[in-house]
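Here is what each chain is made of, one letter per residue.
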Amino acid sequence: MSVKRAAQVLSQSVSSAIKTSVGTRQLHSESALDTADFLDFIDRLFDCLDSRTLFTSNPYKSAFSATNKYIQDTLQEAIRLFPKLEKVDFKNGRKTRPPCFAGFLQTVNSTRMLFNEENKNGIMFILTNRLNQDVLENLFSIYRQKGGYCRNPSAKMLRTDFRSSAINCLIKPPTSSNCEPDLDIVMEVDETQIVESTDRSSSSSSQQEMDIDKEETLEDCAVAYFAGYLAFKCIKEFDCNTCQETLCTDDISLFNKNQLLIINKTYDTSLTTALKAPANSFYNIINMSLNIFEKYYEKLYCKQGIGRIIKNKIEKKIKKTNCDWLSHETCQEHRHYILNQLVHCKIFKKCKWFKSSANPKQCPKLRILKNR
């Protein structure tokens with residue numbers, strides 16, 4: 001199983017989708033929220049052990065420091081949880097404990113012990129990404145590329161390759177490998193610069209107590225999230241106050257069901273980098289545009305200029321139902337930018353799905369030559 005695929009399953013995105021499905025009453029499992037909380041915890045733990053920069057919008061991906069209570073609390077929770085984990089065979093109910101559970105616990109303990117030891121020597125923070133084996137594998141892949149592809153270099157060859165790579169540092173890890181590039185930015189800062197990030201959004205337990213006035217689906221929540229993304233891109237591109245007022249709303253509430261995915265996916269909605277909930281009128285326009293795209297894409301996907309054709313059909317429909325939205329005095333260019341982004345995103349996603357479903361398996365020899 002691909003590690004990347006497994007990491008995508010144990011992610012905040014899947015957790016947010018489950019919580020949103022529970023909130024919209026499309027998922028009725030009693031253990032759904034517990035599963036979502038576990039996935040969210042594993043995602044946070046992965047982030048804590050893969051920090052690359054000192055500050056990020058995700059507090060769990062910030063550097064491991066004495067003032068970062070989020071990482072400290074998550075690692076402490078992992079130490080409490082992992083000794084109790086067991087694997088249950090669904091056929092016979094047999095309980096076992098795979099070695100990876102103990103290995104993960106050792107990783108967490110060793111990371112905390114390493115930081116505590118280095119902190120005594122004046123080290124203020126640690127980028128935990130530098131502690132995983134991807135960095136070492138990337139280094140070995142560079143050695144294997146030296147002088148032609150050699151999978152089993154001798155000690156003499158390794159010594160020569162190390163000296164050569166240390167001198168020029170011109171060869172990079174292959175882009176087709178299953179390890180992420182370790183391109184970190186090293187910064188020297190004072191301890192006073194290490195600040196705490198804000199708390200996460202509301203916990204999932206409160207979602208079960210909400211009253212549902214309108215039946216919303218997971219698709220409605222996805223449309224609202226996409227509309228918020230398009231508004232965010234437009235405001236970031238043009239820095240327009242009018243678009244900020246007309247496209248978005250600050251009224252983010254758990255009682256508005258189509259905003260559940262935005263709430264579950266966002267660490268802190270008060271941040272300027274966070275997605276804002278779309279206004280109702282903008283949400284309706286994006287929803288209508290997506291329906292038009294789905295209606296005509298299958299008929300036109302082989303034609304040249306499909307993006308322009310579908311965009312024209314969307315514009316005609318908008319002019320019929322909301323005649324003044326595209327002809328705004330100061331934001332006309334901004335509205336066309338939003339439609340272009342919508343069409344481009346949808347075409348890109350459609351093509352990506354088609355490529356992944358039509359891509360045949362490669363010959364093992366070719367995979368070896370590509371250093372996979």
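Residues numbered from 1 in each chain as written. Predicted model: local features only at pLDDT ≥ 70, side-chain atom pairs only at ≥ 80, totals over all residues. Heavy atoms only, no water.

Engineer: Explain the packing of aromatic side chains here, please?
Structural biologist: Aromatic ring pairs are described here by two measures, namely the spacing of the ring centres and the angle between the planes. Scanning the model with the defined rule gives eight aromatic pairs in all. When the centroid spacing of 6.0 Å and the interplanar angle of 15° are considered together, the rings of Phe46 and Phe104 count as stacked. Of this pair, Phe46 sits in helix H3 (residues 32-48) while Phe104 sits in helix H5 (residues 99-120), placing them 58 residues apart in sequence. Ring geometry for Phe238 and Tyr337: centres 5.2 Å apart, planes at 90°, overall edge-to-face. Highlighted residues: Phe238 in helix H8 (residues 218-238) and Tyr337 in helix H13 (residues 332-358), separated in sequence by 99 residues. Here Phe238 falls in the partly exposed class, since its relative accessible area comes to 24%. One aromatic cluster is present, built from ring pairs that chain together Phe46, Phe82 and Phe104. It is Lys69 that lies over the ring of Tyr70; its NZ or CZ is 5.6 Å from the centre. Across the ring face of Tyr296, the terminal group of Lys313 is positioned such that the distance to the ring centre comes to 4.6 Å. (Phe/Tyr/Trp six-rings, centres within 6.5 Å; stacked < 30°, edge-to-face > 60°. Helix = DSSP H or I, 4+ residues; strand = E, 2+ residues; numbered from the N terminus. Buried < 20%, exposed > 50% of the residue type's maximum accessible area, 1.4 Å probe, protein only. Lys NZ or Arg CZ within 6 Å of the ring centre and 35° of its normal.)

Engineer: Can you walk me through a nonpolar patch on the surface in this structure?
Structural biologist: A grouping of Leu136, Leu139 and Phe140 is seen on the molecular surface, where their side chains present a nonpolar patch of about 250 Å² in accessible area. Within the secondary structure layout, Phe140 lies in helix H6 (residues 134-145). (Patch = residues over 30% accessible without salt bridge, like charges linked within 9 Å, V, L, I, M, F, W, Y side chains within 5 Å. Areas by Shrake-Rupley, 256 points an atom, 1.4 Å probe, with all protein chains shown as cover. Salt bridge = Lys/Arg side-chain N within 4 Å of Asp/Glu carboxyl O.)

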